[in-house]
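# Architecture and fold: a report
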Amino acid sequence: MKRVEDFRLHFGKQELVPIVIGGMGVDISTAELALEVARLGGIGHISDAMVQTVSDTRFDTKFVSAKLKQYKHNVASSDKSSVQFCLPTLEEATRNHVGRTMEAKKGSGMIFINCMEKLTMNAPRDTLRMRLTAALDAGIDGITLSAGLHLGSFALIEDHPRFRDAKLGIIVSSARALAMFLRKNTRLNRLPDYIVVEGPLAGGHLGFGLDWAKYDLATIMAEVLAYLKSEHIDIPVIAAGGIFTGSDATAFLEQGAAAVQVATRFTVTVECGLPDKIKQEYFKASEDDIEVNTISPTGYPMRMLKGSPGIGSGIRPNCEAYGYLLDANGNCAYIDAWNREVALHPTAKKLSVKDKTCLCTHMRNFDIWTCGQTTYRLKDTTRTLPDGSYQVLSAEHVFHDYQFSTGQKIALPALTAMSA
Ligand SMILES: Cc1cc2nc3c(=O)[nH]c(=O)nc-3n(C[C@H](O)[C@H](O)[C@H](O)COP(=O)(O)O)c2cc1C
């Protein structure tokens, strides 16, 4: 019986364990998690979502308070068009995060960064160009372009000296989206080094509508592989979304995937950036506790636990401090939703906004508990401790379980003193 360990992902001469841990913003897929995965010979992701916040938390910079101070006069205004990111600051924050992660890297694996196009930051092209350039400058092994079509993103860095040496990949949810990307980029004579095909069971934002349940990853993978074959294009394809066991992963590798990208099982590891109390919420979740809704201002459906405190919260938009979702004209769907509620309840002390959420603030505070559809199975991957809580796992344990397990088995962690 085959297992993941029988396969390798090849990038040129480099050989990797074909397990990629997907990017999870904001700092849920931490540097610690990515470093551990690289040590074990796979690929770990950090994320550049809200990188100024991440830099402040990790490196004691003061980027967020400086931005808030600069734009404080605008807090009560619903016109956010003047609230711009300072590009050199964005560059410094990205260099801090990427540079220090890469300096600490050990082992034969790689570390990539997840860059979401939907973080439009009130100047989409300039900020994205800076994010990509700074990550390359700081030595990142690869960049995964996600949450958006990224039709023009390669062109933003075509003059960078590392444009052809760093690994560049895209996330798509259909063969159609892949074909569009490749058509748009023929001029650059630079194919992606890998393609992540993300199915409807993934965490975070989905490349599907609310009819996501009608789709399945194996079928989309087959369509993508057939499309690439028909075009005589040879690019490693990485399957993602709902791959819960080593056997699930092996089935995709046997189908022709070059690797699998997984995330949900790592949300309950010590190295994951979620606070411990929230890791317990993930463990406790039942299938009924998980929903796909449309409260993200990005316009993409998002999967999360129904108990997320950010759902229905009516806080004042915080764009002067954050503002990552402001479009090119300084608009965000949450600002509109919030203004509407203020107009309807002008004297209310506390508002509830149901249709959208202030994603920046709530992701920053870990109040939107985004998760994959398989989260309800996490409790089966660990032991219950005497106090009734679940034992948090090590990333190494989960990684090895994917790498070596067969027959749909999931290895439980070693008994700790507390669980014995
Ligand atoms: C908590 C969480 C946060 C995520 N955040 C992001 C993100 O910021 N950007 C992104 O491209 N994908 C994000 N994802 C998707 C993962 O990178 C990954 O592709 C997917 O969840 C894999 O499926 P699985 O969780 O079923 O293993 C997130 C997933 C989870 C569980």
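Right above here is the structure, for reference.
As a starting point, this report considers the structure included with it. (Residues numbered from 1 in each chain as written. Predicted model: local features only at pLDDT ≥ 70, side-chain atom pairs only at ≥ 80, totals over all residues. Heavy atoms only, no water.)

## Remarks on the pattern of salt bridges
Cut-off, in case you're wondering: For this document, the term salt bridge refers to a Lys or Arg side-chain nitrogen within 4 Å of an Asp or Glu carboxyl oxygen. For the purposes of this entry, the term helix denotes a DSSP run of H or I that reaches at least four residues, the term strand denotes a run of E that reaches at least two, and both are numbered from the N terminus. Under the scheme applied here, a residue whose accessible area is under 20% of the maximum for its type counts as buried, over 50% as exposed, and between as partly exposed, the area being computed with a 1.4 Å probe on protein chains only.
If you walk through the whole model with that rule in mind, you get 21 salt bridges. Between Asp 27 and Arg 58 there is a salt bridge, and its shortest N-O distance comes to 3.0 Å. With Asp 27 in the loop between β3 (19–21) and α1 (31–39) and Arg 58 in helix α2 (residues 51–59), this pair connects stretches of sequence that are 31 residues apart. Its relative accessible area of 14% is what places Asp 27 among the buried residues. Taking relative accessible area as the criterion, Arg 58 reaches 27% and is therefore assigned partly exposed. Residue Glu 158 pairs with Arg 187 through a salt bridge whose shortest N-O separation is 3.2 Å.

## Re the site of the ligand
As a reminder of what qualifies: Residues are counted as near a molecule or strand when any one of their heavy atoms sits within 4 Å of it. Polar contacts here mean pairs of N or O atoms no more than 3.5 Å apart (in protein, one a potential hydrogen donor and the other a potential acceptor; neighbouring residues in sequence count only if both atoms are side-chain atoms). With residues, only the protein chains shown are counted as cover, and all accessible areas are computed by Shrake-Rupley using a 1.4 Å probe.
Of all residues adjacent to the ligand, which total 21 residues, the nearest are Glu 198, Gly 242, Gln 261, Ala 263 and Thr 264. Within the backbone of Gly 203, a nitrogen or oxygen atom sits 3.0 Å from an oxygen atom of the ligand. The contact in question runs from an oxygen atom of the ligand to an N or O atom on the side chain of Gln 261, over 2.7 Å. Here the ligand loses 96% of its free accessible area of 600 Å² to cover by the protein chains.

## Some words on the packing of α1 against helix α13 (residues 395–404)
Test applied: Only the stretch in contact is used when fitting a helix axis, every axis being a line fitted to C-alpha atoms; angles between N-to-C directions are given from 0 to 180 degrees. Comment on the angle field: the value is read as roughly parallel under 35 degrees, roughly antiparallel over 145, roughly perpendicular from 65 to 115, and oblique elsewhere. Here is the rule for handedness: rotate from the far helix to the near one, and if that takes an anticlockwise turn smaller than a right angle the crossing is left-handed, while a clockwise turn gives right-handed. In this description, contact between two residues means that some pair of their heavy atoms is separated by no more than 4.5 Å.
It is at 10 Å that the axes of α1 and α13 come closest, and there the two elements cross at 45°. Taken together, α1 and α13 sit at an angle that is classed as oblique. In terms of crossing hand, the pair formed by α1 and α13 is right-handed. Here Leu 33, Glu 36, Val 37 and Arg 39 of α1 come into contact with α13, specifically with Ala 395, Glu 396 and Phe 399.

## Concerning the side chain of Asn 185
Considering the arrangement of structural elements, one finds Asn 185 in the loop between α7 (175–184) and β8 (194–198). Of the polar contacts made by the side chain of Asn 185, one reaches the backbone oxygen of Phe 181; its length is 3.0 Å. Setting aside anything within four residues of it in sequence, one finds Asn 185 in contact with Leu 151 and Phe 154.

## So, the packing of aromatic side chains
Test applied: Two aromatic rings from Phe, Tyr or Trp, using only the six-membered ring of Trp, form a pair when their centres are within 6.5 Å; if the ring planes differ by under 30 degrees the pair is stacked, by over 60 it is edge-to-face, and anything between is tilted. By definition here, charges over rings are those cases where NZ of Lys or CZ of Arg is within 6 Å of the ring centre and within 35 degrees of the ring normal.
If you walk through the whole model with that rule in mind, you get nine aromatic pairs. Geometrically, the ring pair formed by Phe 11 and Phe 112 is tilted, given 6.4 Å between the ring centres and 40° between the ring planes. Of this pair, Phe 11 sits in strand β1 (residues 9–11) while Phe 112 is found in strand β5 (residues 110–116), placing the two residues 101 residues apart along the sequence. For Phe 11, a relative accessible area of 7% gives the class buried. Residue classification places Phe 112 among the buried positions, given a relative accessible area of 1%. Considering the side-chain rings of Phe 112 and Tyr 194, the 5.2 Å spacing of their centres and the 25° angle between planes classify their relative orientation as stacked. Of this pair, Phe 112 sits in strand β5 while Tyr 194 sits in strand β8, placing them 82 residues apart in sequence. Each member of the pair, Phe 112 together with Tyr 194, is buried. A network of ring pairs unites the aromatic residues Phe 11, Phe 112 and Tyr 194 as a single cluster. Between the NZ or CZ atom of Lys 67 and the centre of the ring of Phe 85, over which it lies, the distance is 4.0 Å. A cation over an aromatic ring shows up here: Arg 190 above the ring of Phe 163, its NZ or CZ 5.5 Å from the ring centre.

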